[in-house]
Amino acid sequence: NAGVTQTPKFQVLKTGQSMTLQCAQDMNHEYMSWYRQDPGMGLRLIHYSVGAGITDQGEVPNGYNVSRSTTEDFPLRLLSAAPSQTSVYFCASSYFRDSEAFFGQGTRLTVV
Amino acid sequence: GIQVEQSPPDLILQEGANSTLRCNFSDSVNNLQWFHQNPWGQLINLFYIPSGTKQNGRLSATTVATERYSLLYISSSQTTDSGVYFCAAYSGNTPLVFGKGTRLSVIA
C-alpha cells in the first residue's frame, strides 16, 4: 500500500515548456486534489476532483489543466510554464471531500 | 470562503518545553486536520479532529467547533518536533483550506 505517489520529485523547466505532474493513489479514494505551496502562503488549492470524470477549479487554477479518467490517477498539466509557477506541488486524496486527507511527498518545480 | 488563521507564526522553544499552537476558523467546519511539515518537506498527518480532544504520545489536539478554534499541544518538545505545523479545515462545499502555518524551532 503506497498511499499517494507523486512523480517526479524534482523538475526544472524552461519558460514556455509544458509538462505533466503525475499523482496516483492506491487507497480507492474518490476525492483528489492538487495544491501549490509558496513561501509564507501556506498551501493553496489548484484543482480538485470528486470522482472519475469530474473536476473543478480551486483558488489558483490559471495555467493548469487536470483530468480524471480513472479513480487512481489525477495528473496536473502545465500548458506553458512560467516563472510564477515555480513552487512545490502536493497531491492529496481522501475517501470523500471531508474525510481525512493524505498527501504525497511533493514535486519541487523550478521554471527558469 | 472559510478563513483559517494560525498563531503564533513563529515559535522558538528550548528542548523539553511545552507549547500550544492555535487555529481559528471563520465559519462552521465539517472537519479539521493538523499536519506537521518536516524539514524535508513531507506533510505528516497528526490529527483528524472535528470536535473534542485526541492524544497521540506527546501531542494532543482539541477542537471547539462551536467557538471556531482548535489547539495543538506539544509537551516535552524534542528537536525532531521542529518544522511547520498546519491546520486545515473543511467547510460547506469547499475543499480543504489551509492556514499559513506555525514555524516551530526546538533548540537543544
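Since the model is a prediction, treat every value here as computed from it, not as a measurement. (Residues numbered from 1 in each chain as written. Chains lettered and ligands numbered in written order. Predicted model: local features only at pLDDT ≥ 70, side-chain atom pairs only at ≥ 80, totals over all residues. Heavy atoms only, no water.)

### A few points about the sheet that holds strand β3 (residues 19-25) of chain B
Residue and element names in this part refer to chain B. The five strands are arranged β1-β3-β8-β7-β6 in an open sheet whose pairing can be described as antiparallel. Looking at which strands have only one partner, the edges of the open sheet turn out to be β1 (4-7) and β6 (52-56). The mean inter-strand angle of the sheet, taken between neighbouring strand axes irrespective of direction, is 15°. (Pairing = 2+ DSSP bridges. Helix = DSSP H or I, 4+ residues; strand = E, 2+ residues; numbered from the N terminus. Axes fitted to C-alpha atoms, helices over the stretch in contact; angles between N-to-C directions.)

### Observations regarding the side chain of B:N38
Structurally, the position occupied by B:N38 is in the loop between β4 (31-37) and β5 (43-48). From its side chain, B:N38 meets the backbone nitrogen of B:Q42 in a polar contact 3.0 Å long. (Polar contact = N/O pair within 3.5 Å; in protein donor to acceptor, adjacent residues only side chain to side chain.)

### Here's the deal with the pairing of strand β6 (residues 54-57) of chain A
Residues and elements named next belong to chain A. By the bridge criterion, three bridges tie strand β5 (residues 42-51) to β6 in an arrangement that is antiparallel. The partner of G51 across the bridge, within β6, is I54. Linkage of β5 to β6, two consecutive antiparallel strands, is achieved through a turn of two residues, within which G53 is found at a positive phi near 85°.

### As for the state of the cysteines
All names here are of chain A. Under the counting rule described, the total for this entry stands at two disulfides over all chains. Covalent S-S linkage joins C23 and C91, the inter-sulfur distance amounting to 1.9 Å. Here the S-S torsion is close to -70°, and the disulfide linking C23 with C91 is therefore left-handed. Within this pair, whereas C23 is found in strand β3 (residues 19-25), its partner C91 is found in strand β9 (residues 87-94), the two being separated by 68 residues in sequence. Overall, C23 belongs to the buried group, its relative accessible area being 1%. For C91, a relative accessible area of 0% corresponds to the buried category. (Disulfide = S-S within 2.5 Å. Buried < 20%, exposed > 50% of the residue type's maximum accessible area, 1.4 Å probe, protein only.)

### Some details on the environment of B:S51
Locating B:S51 in the fold gives a position in the loop between β5 and β6. Sequence separation of B:S51 and B:E15 is 36 residues, and the distance between their C-alpha atoms is 30 Å.

### As for the pattern of salt bridges
Residues and elements named next belong to chain A. Enumeration according to the criterion identifies three salt bridges over all chains in this entry. Residue R36 is joined to D38 by a salt bridge in which the shortest nitrogen-to-oxygen separation is 3.0 Å. Residue classification places R36 among the buried residues on the basis of a relative accessible area of 9%. Residue R44 pairs with D38 through a salt bridge whose shortest N-O separation is 2.8 Å. On the basis of relative accessibility, which here comes to 17%, the residue R44 falls in the buried class. A residue is classified by how much of its surface remains accessible, and D38, at 12% relative accessible area, is buried. The structure contains a network of salt bridges with shared partners spanning R36, D38 and R44. (Salt bridge = Lys/Arg side-chain N within 4 Å of Asp/Glu carboxyl O.)

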